[in-house]
Amino acid sequence: MTNKKIVFSGIQPSGVIHLGNYLGAIKQWIDLQDKYFSIFCIVDMHAITVQQEPEELQKNIRELAAIYLASGLDPKKAIIFVQSDVSAHTELAWVLNCNTQMGELERMTQFKDKSQRHKQNINAGLFTYPALMAADILLYQTNKVPVGEDQRQHVELTRDIAHRVNNKYGQVFEEPEALLPEVGARIMGLDDPTSKMSKSASSGNNYIAMTDEPDKIRKKIMKAVTDSGSEVKFDEEKKPAISNLLTIYSLVTEKNIKSLEKEYAGKGYGDFKKGLAEAVVEFIEPIQKKYKEYIDDQPKLEKILTNGAKEAAKLAQPTMENVRKVVGLGVAND
Ligand code: TYM
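Residues numbered from 1 in each chain as written. Predicted model: local features only at pLDDT ≥ 70, side-chain atom pairs only at ≥ 80, totals over all residues. Heavy atoms only, no water.

Some thoughts on the pattern of salt bridges
For the structure on display, the rule yields 16 salt bridges. The salt bridge involving R324 is made with E91; its shortest N-O contact spans 2.8 Å. Residue R324 is found in helix α13 (residues 298–327), and its partner E91 is found in helix α4 (residues 88–97); the two are separated by 233 residues along the sequence. Residue class for R324 comes out partly exposed when judged on its relative accessible area of 33%. A salt bridge links D215 to R218, with the shortest nitrogen-to-oxygen separation between them at 2.9 Å. Here the residue D215 and the residue R218 both occupy positions in helix α9 (residues 214–223), the gap between them amounting to three residues, near one helical turn. Overall, R218 belongs to the partly exposed group, its relative accessible area being 26%. (Salt bridge = Lys/Arg side-chain N within 4 Å of Asp/Glu carboxyl O. Helix = DSSP H or I, 4+ residues; strand = E, 2+ residues; numbered from the N terminus. Buried < 20%, exposed > 50% of the residue type's maximum accessible area, 1.4 Å probe, protein only.)

Things to note about the site of the ligand
Around the ligand, the structure places 28 residues, and the nearest of them are Q12, Y129, D136, D150 and I187. Here an oxygen atom of the ligand and a side-chain polar atom of Q12 are 2.7 Å apart. Within the contact set of the ligand, an oxygen atom lies 3.5 Å away from a side-chain nitrogen or oxygen of K199. For the ligand, whose unbound accessible area comes to 720 Å², protein coverage reaches 97%. Elements with a contribution of two residues or more to the shell around the ligand: β1 (6–11), α1 (19–35) and α7 (124–138). (Near = heavy atom within 4 Å. Polar contact = N/O pair within 3.5 Å; in protein donor to acceptor, adjacent residues only side chain to side chain. Areas by Shrake-Rupley, 256 points an atom, 1.4 Å probe, with all protein chains shown as cover.)

Some details on the pairing of strand β3 (residues 78–82)
Most of β3 is tucked away, with five of its five residues classed as buried. Residues A78, I80 and V82 line one face of β3 and the alternating positions I79 and F81 line the opposite face, and both faces are buried. Summarising the sheet, strand β2 (residues 37–42) and β3 pair through five bridges and their orientation is parallel. Bridge pairing in β3 links I39 to I79. (Pairing = 2+ DSSP bridges.)

Points about the domain arrangement of the chain
Its domain assignment divides the chain into domain 1 (6–180 + 298–327) and domain 2 (204–292). Listed per partner, the contact involves 12 residues of domain 1 and 14 residues of domain 2. Between domain 1 and domain 2, the buried area comes to about 1,200 Å², and carbon and sulfur atoms account for 78% of it. On the domain 1 side of the interface with domain 2, the three residues burying the most area are L19, L23 and A70, jointly 42% of the side's total. (Domains from an automatic or database assignment. Contact = heavy atoms within 4.5 Å. Buried area = accessible area lost by both parts, 1.4 Å probe.)

What to know about helix α12 (residues 269–295)
In this model α12 runs 37 Å from its N-terminal to its C-terminal C-alpha over 27 residues, within 8% of the 39 Å that 1.5 Å per residue would give. If you look at α12, its biggest bend is around 30°, right at I284, and the proline P286 turns up within four residues after that. (Expected span 1.5 Å × (residues − 1). Bend = angle between axes of the 7 residues up to and from the residue.)

Here it is, written out as structure tokens:
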């Protein structure tokens, strides 16, 4: 299919896409698409592991696609598509489910967290979700999976499943690795620097949504929790809140943390937050402008996603055919 190494990643279209998603995942993807054969997915099948309104889900899929494109993912360089438009994902997921142990799934910290939060809907899909994620990745013979820290465990499980299947049936899958950004793999909540920035946080002040208005961004940053003392210094143990804000500042401006510390030496948290707020607004505004262009042109958006799905389906076919063959499934041909 290609001599280049293959990159695959995805985001759930389940509401808000925040700066953590951007800095932990999308930011890496933009660089990777130039070097690797890249496939970026909107994983709507994953999103339905929690209750979704159909119209809302359709809207979220499109909005996420517009964010991908506005951020700089380029359909000429990368395949961009919606997971459910390529049925091989769920087909392979079933086979992988049959090669995944309950105990492995029970150890997934995200399952433990989510089943705590959605006690009234702990469905089987929520439990077996990592096998679907493994299918997404393995279907394309992926080498690298650029994700934030919270997805590392799922990628490691994917690797274990691939290894197990290869041992059983011969070389069926590449055994992929997670690719985490050196800085920004775990952006923390603005209102609570002890837990990650999350779209399911109880307060909107936890995150900066990629679509938040500039004034809202300013307000959220000015409200962000700080640490005791007044010095702007990176120290994750003693100053988790300021360290998180410095990380964000550094990533959106490409200035290193040391130079930011120098810039704010002798100034207080107030000045620092004002500077950060303007830096984030300056960074997000051009993305929002492009976002609006994409979201206002639905036919173009649909065309990109339809073409992407066609290409992805073609790429997935040989792996799926091989899986059916080695496992001993089916009879009908063509
Ligand atoms: P999702 O939709 O929760 O998150 C999308 C991406 O954003 C990263 N991320 C963060 N990075 C830094 N700081 C944060 N606070 C933060 N919050 C989220 C995530 O690590 C992720 O990279 N199961 C996956 C989606 C998925 C997938 C895949 C990913 C499905 N199939 C195949 C890679 C390959 C998920 O729910 O991500």
